[in-house]
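Analysis of the macromolecular model
Single-letter residue listing:
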Amino acid sequence: MKATTVGHFLLLVMTCSATAITTSSASGNETETDGLSLLDLKKSITLDPQQALASWNGSTHFCSWEGIMCTATIPRHVASIRLERRGLVGQISPSLGNFTFLRNLSLASCNQPVLRRNPCIPRPPPATPVPVPEQQHAAGEDTEFHKLFQPQGAVAAPERSCRTVSNRTVPPGLRQLQLRACASNNFVGSIPDEFARLSNMQQLYMGANQWSGGFPQAVMNLSALTDLSLGLHLLSGEVPADLGSALRNLLLLELPVNFFHGHIPPSLTNASGLSYIDISRNSFSGVVPSTIGRLKRLEMLNLEYNLLQAESKQDWEFLNSLANCTELIDFSVTRNRLWGHVPASLGSLTSQLQYLYMSENQLSGEFPSGVANLGNLFIVSLDANQFSGALPEWLGSLQNLQKVLLGSNYFSGAIPSSFSNLSQVAELYLESNRLVSQIPTSFANLSILQVLNISNNHGSIPKELFQIPTIRQIRLYLNNLHGALHPAMGNARQLTYLQLPTSVKQFVWTNP
């Protein structure tokens, strides 16, 4: 009896041991698969100028290889692959679909997400530009950015030119986004269908390579995705209509600088947690979905350089809807096909808004009165439109303004003296309007003003302007000025650029 019990016990131990061995073997095979898949990925790389993959060999465990992070639990699996900014050239191995524990994949050229004012700037090849006044090149919020004029109706294939072109700060709600220096990766071809197997993927950063074809359908199976970045590619066609329904967990969506066309999918509002949307520099058309306001956590909405339209009251419904986005910080519809008067509902946007870009459209009427309610604005950009009438005195009450772009419009009358209350303004662009009279002497109170552009207007410049200690650029080209400049110009010790009208016959420079 006792022998029988002992026998049963030994049999049970043997059975459990066999099961453990089988399980361990299976786990070992899975781990081995991760290592072999990484080596497959290495084989598909044809150029590795920084020797980033030199550590990818059998002498050490793959969890110690450069760019690889593994799970903390044993057996260890690949959880993160980050190879951005390595200058790698090649194709993506389908073996990437074998990493069942992968959460983060970044093969981007810039460490994504790319904030709109600090990208690897796409530089189109020579093409017939859209006619823009000469002054507009100087008036843009960053010089390089406004030199990028592509043909209307299409976005040219981007050539990368990595440089930082802005001094804007990252909005408080987006400070967790890290920006790093640019360098190229050059992965080509299409995103493999095997990506569909990465069901646990949460962050996919594939920006600034040379992917081609349509929107990668394999991505639509990655229902756990929170961050999707596919900017600066050669992708084309329409974005899937059910994008927001398939990827309901999205927090970040980046598709800038591609060839996507068609309408913005209304299904995006099903991804209710979306806080960051950048679909700029494509050829999206139609109207902005009127349901966009359902994204109540939205902090940034970048729609610039597309073919989106708004003219009728119904077309502008999206602006009413955006009033529900109480966390919105940055909003741009620059360079689209927006016509007519800006609705008063602009003033219903959250007072948290800091960046407003509506440049290069066909907007008209008087200065949009709704801006008066946006007291936390850092930048307001309305240049290259058809606004007319007087500049409002109340604009001087928006004392957080750091940059004001109102050039290339039809504003008339005097420059309001209230502008001298803009104590934080560093750049003021009023060029190519119909402004008259002398610049207010009180502009001397603008103690941190660096750039003043009043070219192509009518008026005169007071000597007090040269008392501003930080002034470095003054543009007066084509103004109705004459005579000699005041010797006080020599007091402007930071002045590095002075553009004068041809009618000024005498140039006096007494820089001590």
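The rules behind the values
- Residues numbered from 1 in each chain as written.
- Predicted model: local features only at pLDDT ≥ 70, side-chain atom pairs only at ≥ 80, totals over all residues.
- Heavy atoms only, no water.
- Helix = DSSP H or I, 4+ residues; strand = E, 2+ residues; numbered from the N terminus.
- Contact = heavy atoms within 4.5 Å.
- Areas by Shrake-Rupley, 256 points an atom, 1.4 Å probe, with all protein chains shown as cover.
- Buried < 20%, exposed > 50% of the residue type's maximum accessible area, 1.4 Å probe, protein only.
- Phe/Tyr/Trp six-rings, centres within 6.5 Å; stacked < 30°, edge-to-face > 60°.
- Disulfide = S-S within 2.5 Å.
- UniProt positions renumbered as here; feature names shortened; annotations may be inferred.
- Salt bridge = Lys/Arg side-chain N within 4 Å of Asp/Glu carboxyl O.
- Lys, Arg positive; Asp, Glu negative; His and termini not counted.
- Polar contact = N/O pair within 3.5 Å; in protein donor to acceptor, adjacent residues only side chain to side chain.
- Pairing = 2+ DSSP bridges.
- pLDDT = per-residue confidence, 0-100.

Before going further, it helps to examine the overall build of the protein chain. Looking only at helices and strands, one finds four helices and 31 strands in the protein chain. Look at the contacts in the protein chain between residues 6 or more apart in sequence, and 59% of them connect residues 24 or more apart. In the form shown here, the protein chain has an accessible surface area of approximately 21,400 Å², with 52% of it arising from carbon and sulfur atoms.

You can see Ala 414 is positioned in the loop between β26 (410-413) and β27 (427-429). Ala 414 sits 24 residues away from Gln 438 along the chain, and the two C-alpha atoms are 7.8 Å apart. If sequence neighbours within four positions are ignored, Ala 414 has contacts with Val 436 and Ser 437.

Cis geometry is adopted by the peptide bond preceding Pro 75, which originates at Ile 74 and carries an omega value of 0°. Mapped onto the elements of the fold, Pro 75 is located in the loop between β2 (68-70) and β3 (78-82). We note that Ser 432 has phi near 55°; this positive angle belongs to a residue other than glycine. Tracing the chain through its elements places Ser 432 in the loop between β27 and β28 (434-435). Even without a glycine there, the phi angle at Asn 456 is positive, about 60°. Its place among the elements puts Asn 456 in the loop between β29 (451-453) and β30 (473-475). With a relative accessible area of 31%, Asn 456 lands in the partly exposed category.

A full pass over the atoms with the stated rule returns nine aromatic pairs. On the basis of an interplanar angle of 70° and a centroid distance of 6.3 Å, the ring pair of Phe 62 and Trp 65 is categorised as edge-to-face. On the accessibility criterion, Trp 65 (5% relative accessible area) is buried. Ring plane angle 90° and centroid distance 5.9 Å describe the contact between Tyr 355 and Phe 378, whose orientation is recorded as edge-to-face. Residue Tyr 355 is found in strand β21 (residues 355-357), and its partner Phe 378 is found in the loop between β22 (362-365) and β23 (379-381); the two are separated by 23 residues along the sequence. A residue is classified by how much of its surface remains accessible, and Tyr 355, at 1% relative accessible area, is buried. Three or more aromatic residues link up through ring pairs in this structure, and these residues are Phe 367, Phe 387, Trp 394 and Phe 411.

Following the criterion strictly, the structure yields one disulfide and no others. Two residues, Cys 63 and Cys 70, share a disulfide whose sulfurs are 2.1 Å apart. Since a negative S-S torsion denotes a left-handed disulfide, the Cys 63-Cys 70 link at about -100° is left-handed. Each member of the pair, Cys 63 together with Cys 70, is buried.

Summarizing the sequence annotation, UniProt attributes the feature "domain: Leucine-rich repeat-containing N-terminal plant-type" (unreviewed entry) to residues 33-71 in the numbering used throughout. Here residues 33-71 runs as 28% helix and 15% strand, with 15 Å between its end C-alpha atoms.

This part takes up the pattern of salt bridges. What the rule picks out here adds up to three salt bridges. The closest approach of N and O atoms between Arg 86 and Glu 66, which form a salt bridge, is 3.2 Å. Pair noted here: Arg 86 is in the loop between β3 and β4 (89-90) and Glu 66 is in the loop between β1 (45-47) and β2, with a separation of 20 residues, a long-range link. Given a relative accessible area of 14%, Arg 86 falls into the buried group.

Position of Asp 34 relative to the elements: it lies in helix α1 (residues 2-43). Although Asp 34 is buried, it forms no salt bridge, and the closest oppositely charged side chain is Arg 103 at an N-O distance of 9.8 Å. There is a polar contact of 3.5 Å between the side chain of Asp 34 and the side chain of His 77. The contact partners of Asp 34, leaving out residues within four places of it in the chain, are Phe 62, His 77, Val 78, Asn 98 and Phe 99.

Looking at chain direction, strand β10 (residues 210-213) and strand β12 (residues 234-238) are connected through two bridges and run parallel. Along β12, the bridge assignment pairs Ser 212 with Leu 234. As paired elements, β12 and strand β14 (residues 259-262) share three bridges and run parallel to each other. By the bridge assignment for β14, Glu 238 is matched with His 261.

On to the confidence of the model for the protein chain. Across the protein chain, the average pLDDT comes to 77, with 71% of residues at or above 70. Segment residues 1-28: pLDDT under 50, and one contact once partners within four positions in sequence are set aside and those in other chains are kept.

Locating Asp 227 in the fold gives a position in strand β11 (residues 227-229). One buried charged residue, Asp 227, remains without a salt bridge, the closest side chain of opposite sign being Arg 82 at 9.2 Å. When neighbours within four sequence positions are excluded, Asp 227 is seen to be in contact with Gln 202, Gln 203, Leu 204, Tyr 205, Leu 250, Leu 251 and Leu 252.

Time to look at the environment of Gln 494. Here Gln 494 shows up in the loop between β30 and β31 (497-499). For the pair Gln 494 and Thr 470, spaced 24 residues apart in the sequence, the C-alpha separation amounts to 6.0 Å. Beyond its immediate sequence surroundings of up to four residues, Gln 494 is in contact with Pro 469, Thr 470, Ile 471 and Arg 472.

Another aspect to go through is the environment of Leu 232. Looking at where Leu 232 falls in the secondary structure, it is placed in the loop between β11 and β12. Under the relative-accessibility criterion, Leu 232 is labelled buried at 5%.

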